[in-house]
Amino acid sequence: MSYQLDPELVPVMRTLAAQAAGLPPIRRGDWKALRERGNAGQAALAALVPPVTGVHATNYTATTTDGAAIGLRWYTAATDGRRPGPAVLYAHGGGMILGSLDLYDSLLSWYVAQTGVPFLSAGYRLAPEVTGTTLAEDVFAGLLWLREHARDLRVDPARIGVMGDSGGGSPAAGTAILARDRGIHLARQILAYPMLDDRNQTADGDARAPYLTWTYDDNYTAWRAVLGDQLGTGAV
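For clarity, every value in this text was computed on a predicted model and none was experimentally measured. (Residues numbered from 1 in each chain as written. Predicted model: local features only at pLDDT ≥ 70, side-chain atom pairs only at ≥ 80, totals over all residues. Heavy atoms only, no water.)

### Some remarks on the packing of aromatic side chains
Enumeration according to the criterion identifies six aromatic pairs in this entry. Ring centres 6.1 Å apart and planes at 40 degrees place the aromatic pair Tyr90 and Tyr104 in the tilted group. Taken as a pair, Tyr90 in strand β3 (residues 85-91) and Tyr104 in the loop between β3 and α3 (105-115) lie far apart in primary sequence, 14 residues in all. By relative accessible area, which is 1% here, Tyr90 ends up buried. Among the aromatic residues, those joined into a cluster by ring pairs are Tyr90, Tyr104, Trp110, Tyr111 and Phe119. Over the aromatic face of Tyr220 sits the side chain of Arg28, whose NZ or CZ is 3.7 Å from the ring centroid. The positively charged end of Arg182 is found above the aromatic ring belonging to Phe140, 4.9 Å away from the centroid. (Phe/Tyr/Trp six-rings, centres within 6.5 Å; stacked < 30°, edge-to-face > 60°. Helix = DSSP H or I, 4+ residues; strand = E, 2+ residues; numbered from the N terminus. Buried < 20%, exposed > 50% of the residue type's maximum accessible area, 1.4 Å probe, protein only. Lys NZ or Arg CZ within 6 Å of the ring centre and 35° of its normal.)

### Remarks on unusual backbone geometry
Cis geometry is adopted by the peptide bond preceding Pro128, which originates at Ala127 and carries an omega value of 5 degrees. Relative to the assigned elements, Pro128 resides in the loop between β4 (119-123) and α4 (134-148). Positive phi is not limited to glycine here, since Tyr193 has a value of about 30 degrees. Positionally, Tyr193 belongs in the loop between β6 (188-192) and α7 (216-227). Tyr193 gets classed as exposed once you look at its relative accessible area, which sits at 63%.

### Some remarks on the layout of surface pockets
Taken as a whole, the second largest pocket holds about 480 Å³ of empty space. Residue assignment for the lining of the second largest pocket shows that the elements contributing at least two residues are α4, α6 (169-181) and α7. Per element, the largest residue contribution to the lining of the second largest pocket is five residues, and it comes from α6. A class-by-class count of the residues in the lining of the second largest pocket yields 12 nonpolar, five polar and three charged. (1 Å grid on protein atoms, 1.4 Å probe; cavity = no way out; pocket = protein on both sides within 12 Å on 5 of 7 lines; lining within 4 Å. Points joined across faces, edges and corners; volume = space filled by probe spheres on them. Nonpolar A, V, L, I, M, F, W, Y, C, P; charged D, E, K, R; others polar.)

### Quick look at the pairing of strand β5 (residues 155-165)
In this sheet, β5 lies alongside β3 in parallel orientation, the contact comprising six bridges. Across the sheet, Val88 pairs through a bridge with Gly161, a residue of β5. In the sheet, β5 pairs with β6 via five bridges, with the strands oriented parallel. Counted as the bridge partner of Val162 is Gln189 from β6. In this view, the connection linking β5 to its parallel neighbour β6 by way of α6 has right-handed handedness. (Pairing = 2+ DSSP bridges. Right-handed = clockwise from strand over helix to strand, strands pointing away.)

Have a look at this one:
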């Protein structure tokens, strides 16, 4: 089977390829190297986002169920003088082992500029420093904070959605499950190519290798960091 790259992705792939030129492959299980390389890649991608003006960002903190403090970043359009309306709680991508509020600053500013909907970015803790459902509990703490401050932020609590991409899709989906089980209403769950299943597929040869920004080994490394010895078992 042959693959052809979408022309819109060519500059993105060219940037990532130039960045990785001459670097040794990351060994399976080496989450530290994957984090370092991945953060550099996210920074390069952020630089490709068109410049955004008219969006204001404010930093806050929330307390998690185990007493830790996580960072939150609230994005609003400069013209945001509306009555209480919708808001999005966002969990950034990065395989649950990398990424940050700062690395997603450009993208979320662009989302807000395009939609006029305010976003709250949750700086959840990463694996393997924390594991299991802790990541989802961190994002859920962001949801509780947003609901608690809804009046001041001009947010309608009935119109809050949770969103995440890639690795952020897992704690975002986990947050939706926690909200359901704890009787807290969510208006939407928006998942972009979410990382939901720890069971790896079987590699299908090298046909797609030039186009992969996340490999089979990367997927194993990330899920291993999150789940440890439970990876791939019925206990997940």
